[in-house]
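Summary of structural features
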Amino acid sequence: MTHSAPAFPPRLALTLLAMAQLIIALDATIIFVALHEMGVQLGINAQQLQWIVSAYTVAFGGCLLLGGRAADLIGRRRVYRSGMALFALASLVGGLSSSGGVLIAARAVQGIGAALLFPATLSLISTLYAEGAARNRALAIWSMASAGGLALGTLLGGVLTQSFGWSSVLLVIVPVASACALLAGWWLPRDAAVLRGRSFDLAGCLTVTLGGSLLVTTLVQAPEWGWAAPRTLGCLLASAALLAAFVVIEQRSRDPLMQFSLLRLRSLRAAMLLTMVFMSSFGVQYYFLALYFQDGYGWSALQAGLAFLPPTLVCTFGIRISERMLRRRSPRQVLALGMAAGAIGIGAVAVALPYGATYWALLPGIVVLSIGQGMTWTAMWIVAGQGVPAAQQGVASGMAATAQQIGGALGLALLVMLANANRSTSAVGTSPEALQGLVHAQYGAALFALLGVAVALWLRPEKTGAAVPVTELAAR
């Protein structure tokens, strides 16, 4: 009877895949509460302090396609273990650093580790678990780990910083990531031999990584530099030139980094749009609500962090709803309902913000938007893998995740511009016009969620093999 058993322990494998997503999400939020102490102890100015956060985002967004290609070419388990080991090493160096420059560099390397982990993890789920209930269940657990990481990051960051200092928020990741890298040797299936004669397409890797990183950097910095500032325009032109060069290189390459034929899949195109819209609506909530909680209500950083616990718990409930609905409904329907719930919930929070100092006025909107967030997150990654051949799952995941990072940076930049549109340069963050600007940004996020409803309704099921012939992809 043993001949029919899987070649890997499915539950233990899923534990490792969920841990990867937990670490990626945790590292995105655990740093926030520690930023003040980092600035004081390391003598970091406000501009450098921003880059402790942005270095991770830029490196992550810029290297995702490279990570996806590495997973397909080198092997998913090998890339998973490399990403975890890199995460552990960068966290150790960052935790022991005594200068702002070293800490920022370590955060960038953490971002590269995350860019290796994310597509490798998603492509492992798409190839290890059969499409349907098994894969949906795996993605739901993976999504819950992400929600848990976001919530745990704000709490754990506050507790660790207060008890052990800022370095502990980085050092705590070292043993966890190291253990995952080690256990993957037993709990994840062995990779096939590396194919000889295949290349990484070095020119393509360099142009897309530099172009993507520069684009995300510019979108992060544009609200501060000014959209019409010479360096903003120069960086946008440079990133456009690099990305255009990437397209030309890929079209001429014998072994391209990215198969543009994948873009024939409507499901993948829709997933890329959805990940962008998701980050521009649900993804900006931490930023604007945290500011309003502290500037408008006078809450401490830890109080603001605790305020995000109920949304995370409700988001987990939304993930469970999504998993159950997907047994009877199409991802298109689940996504449309999830995005609609997000638009209603975000709009309700915007209405209640001026009256919500006790939190109770905000709670109905927070519950609705958090349920929508959980429903959307799981379903959009299911769509990203639909109709994609197994050999291209890593690159497809990297494409969707790259769109997610660009969407987050662009959406936040646009909404920050909207928030500051009617604010005088002398107005402080606690002024009525500044607080009203944050409310306007929330309405903008609700409109992005409505756009997500339209994208979901545009989605249609792929006819297996019709959009991108597997033989065409395999031949490349």
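Keep in mind the model is a prediction, meaning the values are calculated, not measured.

When you go through the protein chain residue by residue, the secondary structure sums to 19 helices and 0 strands. The C-alpha atoms of the protein chain give 22 Å as radius of gyration, which agrees with the globular expectation for 476 residues (23 Å, within 12%). With the C-alpha coordinates of the protein chain rotated into their principal frame, the extents come out at 65 × 50 × 50 Å. Per-residue burial over the protein chain gives 55% buried out of 476 residues. A sequence separation of at least 24 residues applies to 83% of the contacts in the protein chain between residues at least 6 apart. When the accessible surface of the protein chain is split by element, carbon and sulfur atoms take 67% of a total near 19600 Å². Taking the average location of the 28 positive side-chain charges in the protein chain and that of its 14 negative ones, the two points are 10 Å from each other.

Tallying each qualifying case throughout the model produces 6 salt bridges. A single salt-bridge network, built from bridges that share partners, covers Arg 137, Arg 320, Glu 323 and Arg 327.

Another aspect to go through is the nonpolar core. Inside soluble globular proteins, nonpolar side chains tend to come together where they are buried. Counting residues in hydrophobic clusters, the biggest one holds 106 residues, and the most contacted among them are Met 38, Tyr 80, Met 84, Phe 118, Phe 293, Leu 362 and Trp 381. The element best represented in this core is helix H16 (residues 363-385), accounting for 11 residues.

Moving on: the confidence of the model for the protein chain. With 91% of its residues at a pLDDT of 70 or more, the protein chain shows a mean pLDDT of 84. Within the protein chain, the element-level pLDDT minimum falls on helix H19 (residues 470-475), averaging 38, and the maximum on helix H15 (residues 331-352), averaging 96. Here residues 1-5 is modelled with pLDDT under 50, and outside its nearest four sequence neighbours on either side it reaches 0 contacts, counting other chains as well. Considering only residues more than four positions removed or in separate chains, one finds that residues 464-476, a stretch of pLDDT under 50, has 22 contacts.

This part covers a nonpolar patch on the surface. Judged by side-chain polarity, Leu 89, Leu 92, Val 93, Leu 96 and Val 102 come together as a nonpolar surface patch covering roughly 440 Å² of accessible area. Take the nonpolar patch: its biggest share by element is 4 residues, from helix H4 (residues 76-96). Relative to the helices and strands, Val 93 resides in helix H4. Residue Val 93 is classed as partly exposed on the basis of its relative accessible area, which comes to 41%.

Any pair of aromatic rings gets described here by the distance separating the centres and the angle formed by the planes. In the structure shown here, the tally under the stated rule is 16 aromatic pairs. A ring pair is formed by Phe 278 and Phe 282, whose centres lie 5.1 Å apart and whose planes are at 40°; its orientation type is tilted. When its relative accessible area of 2% is taken as the criterion, Phe 282 is described as buried. Among the aromatic residues, ring-to-ring pairing joins Tyr 56, Phe 60, Phe 118, Trp 142, Phe 278, Phe 282, Trp 377 and Trp 381 into one connected group.

Moving on, we get to the environment of Arg 266. Position of Arg 266 among the secondary structure elements: in helix H11 (residues 266-281). Assessed through its relative accessible area of 28%, Arg 266 is described here as partly exposed. Counting along the chain gives 22 residues from Arg 266 to Ala 244, while the straight-line C-alpha distance between them is 22 Å.

You can see Ser 91 is positioned in helix H4. We classify Ser 91 as buried; its relative accessible area is 0%. Side-chain polar atoms of Ser 91 contact the side chain of Gln 110, separated by 2.8 Å.

Along the chain, the position of Leu 22 falls in helix H1 (residues 10-29). Along the sequence, Leu 22 and Leu 150 sit 128 residues apart, while their C-alpha atoms lie 7.8 Å from each other. Setting aside anything within four residues of it in sequence, one finds Leu 22 in contact with Ala 145 and Gly 149.

We now examine H11. Because the α-helix completes a turn every 3.6 residues, residues three or four places apart line up on one side. Spanning 16 residues, H11 covers 22 Å between terminal C-alpha atoms, matching the ideal 22 Å at 1.5 Å per step. Close packing links the buried residues of H11 with helix H12 (285-296), H15, H16, helix H17 (393-419) and helix H18 (432-458).

This next bit is on the packing of H15 against H16. Packing of H15 against H16 brings their axes to within 7 Å, and their N-to-C directions diverge by 150°. For the element pair H15 / H16, the angle class is roughly antiparallel. In this structure, H15 crosses over H16, and the sense of that crossing is left-handed. Classifying every residue of the contact of H15 with H16 by side-chain character gives 18 nonpolar, 6 polar and no charged.

The geometry of H11 relative to H17 is characterised by a closest axis approach of 7 Å and an angle of 35° between their N-to-C directions. The two elements H11 and H17 cross, and the hand of that crossing is right-handed. Contacts between H11 and H17 pair Leu 268, Met 272, Thr 275, Met 276, Met 279 and Ser 280 from the former with Ala 396, Met 399, Ala 400, Ala 403, Gln 404, Ile 406, Gly 407, Gly 408, Gly 411 and Leu 415 from the latter.

Take the side chain of Thr 232 next. Here Thr 232 shows up in helix H10 (residues 230-252). A distance of 2.8 Å separates a polar side-chain atom of Thr 232 from the backbone oxygen of Gly 226. Apart from the residues lying within four places of it in its own chain, the contact partners of Thr 232 are Thr 218, Ala 222, Trp 225, Gly 226 and Trp 227.

Conventions and cut-offs
Residues numbered from 1 in each chain as written. Predicted model: local features only at pLDDT ≥ 70, side-chain atom pairs only at ≥ 80, totals over all residues. Heavy atoms only, no water. Helix = DSSP H or I, 4+ residues; strand = E, 2+ residues; numbered from the N terminus. Rg over C-alpha atoms; globule rule 2.2 N^0.38 Å. Buried < 20%, exposed > 50% of the residue type's maximum accessible area, 1.4 Å probe, protein only. Contact = heavy atoms within 4.5 Å. Areas by Shrake-Rupley, 256 points an atom, 1.4 Å probe, with all protein chains shown as cover. Lys, Arg positive; Asp, Glu negative; His and termini not counted. Charge placed at Lys NZ, Arg CZ, Asp CG, Glu CD. Salt bridge = Lys/Arg side-chain N within 4 Å of Asp/Glu carboxyl O. Core = buried A, V, L, I, M, F, W, Y, C linked by side-chain atoms within 4.5 Å. pLDDT = per-residue confidence, 0-100. Patch = residues over 30% accessible without salt bridge, like charges linked within 9 Å, V, L, I, M, F, W, Y side chains within 5 Å. Phe/Tyr/Trp six-rings, centres within 6.5 Å; stacked < 30°, edge-to-face > 60°. Polar contact = N/O pair within 3.5 Å; in protein donor to acceptor, adjacent residues only side chain to side chain. Expected span 1.5 Å × (residues − 1). Axes fitted to C-alpha atoms, helices over the stretch in contact; angles between N-to-C directions. Parallel < 35°, antiparallel > 145°, perpendicular 65-115°, else oblique. Left-handed = near helix turned anticlockwise from the far one by under 90°. Nonpolar A, V, L, I, M, F, W, Y, C, P; charged D, E, K, R; others polar.

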